[in-house]
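Now for the letters of each chain:
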Amino acid sequence: MISVAGDFDFLVVPGRGNSKPDHWMAHWCRAFPNSSRVLQANWDKPEPGDWIARLDAAVMVAPRKVVILAHSLSVATTVKWAAQTNENQRAKVLAAFLVAATNVEDPDPSFDLVRPFAPMPLQPLPFPTLVVASRTDPRVSFEKAQAFATAWGSDIADAGDLGHMGNEAKLGLWPDGLLLLGRLLEKAGA
C-alpha cells in the first residue's frame, strides 16, 4: 500500500487535454490527499516555455519534497524542466513516475501540436524514475520508450496493451499502476 503520510507530496502533471474524471490521474488525485495538479493555461495548444514554467513554479512553492506523476506530453515537460532548472529545484524531486511518454519528434502530422517540445532531452535524470510504457501506445512505440528510459537512467515497466493510458483507457484507480508507483517510492526511499 502506498503511504500518503510520508514526507512528500504528489505533483500530478497531466498531458495535453488535461485528465478527465475517468483518467487514472484524476482517480489518484482523489485518492491521495497529499496531491495537487499542475494546471496549464492552454491544454489544447501547449507551449513548452509556459508548461515548463508552470511545473517549475509548482515545484518551487511545494512545502515538501515532491513525487512527479507525469502523463503523455508532460513526460517531455518534466524531462525538459529537469534539464534546464537549477540544482535546488531538482533536489526537491524525490522521484518521477513517467507514463506514456509522447514521442515529440515523431514526423507524423498528428504530432504537430507537440513537436515544439522537441528535441526530447536524453540526459540521465537526477532522481529515481520509472517509465511506464504500453505496447499499443499510438503516441510512442515501446522501443522508443525503452530508448528514453535507457537515456534517462530510468527503470521501465511494460504495461502491456493499454494504448496511451489516457482518458480513453478508463483505467480507473489503475491498481497495476499503483503497484508500480509503490515500487518506485520504495526505490526512492519514500
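The structure reproduced in this document is the subject of the present report. Sequence order as written defines the numbering, with residues in each chain counted from 1. The predicted origin of the model limits local features to residues at a pLDDT of at least 70 and limits the giving and counting of side-chain atom pairs to 80 or more, whereas totals for whole chains, interfaces and linings rest on all residues. Each side-chain value is derived from all of the structure's non-hydrogen atoms; neither hydrogens nor water enter the calculation.

Another point: the pairing of strand β1 (residues 8-13). A simple rule labels every residue: compare its accessible area, found with a 1.4 Å probe on the protein chains alone, to the largest value its type can have, and call it buried under 20%, exposed over 50%, or partly exposed in between. Every helix listed is a DSSP run of H or I at least four residues long, and every strand listed is a run of E at least two residues long, numbered separately from the N terminus. Burial analysis of β1 places six of its six residues in the buried class, the great majority of the element. Across six bridges, the pairing between β1 and strand β3 (residues 65-71) is parallel. The partner of F10 across the bridge, within β3, is V67. Two strands make a pair as long as DSSP finds a minimum of two bridges between them. For β1 and strand β2 (residues 35-37), the ladder comprises three bridges, and the chain directions are parallel. Along β2, the bridge assignment pairs V12 with R37. Throughout, right-handed denotes a crossover for which the path from the first strand over the helix to the second runs clockwise when the strands point away from the viewer. Crossover handedness for the path β1 to helix α1 (residues 24-31) to β2: right-handed.

A few words on the packing of aromatic side chains. Note on aromatic pairs: the rings of Phe, Tyr and Trp (six-membered ring only in Trp) are paired at centre separations within 6.5 Å, and the planes decide the class, stacked below 30 degrees, edge-to-face beyond 60, tilted for the rest. Counted under the stated rule, the structure contains 12 aromatic pairs. Judged by centre distance (5.7 Å) and plane angle (75 degrees), the ring pair of W43 and W51 falls under edge-to-face. By relative accessible area, W43 is classed as buried at 15%. Accessibility expressed as a relative area gives 0% for W51, which makes it buried.

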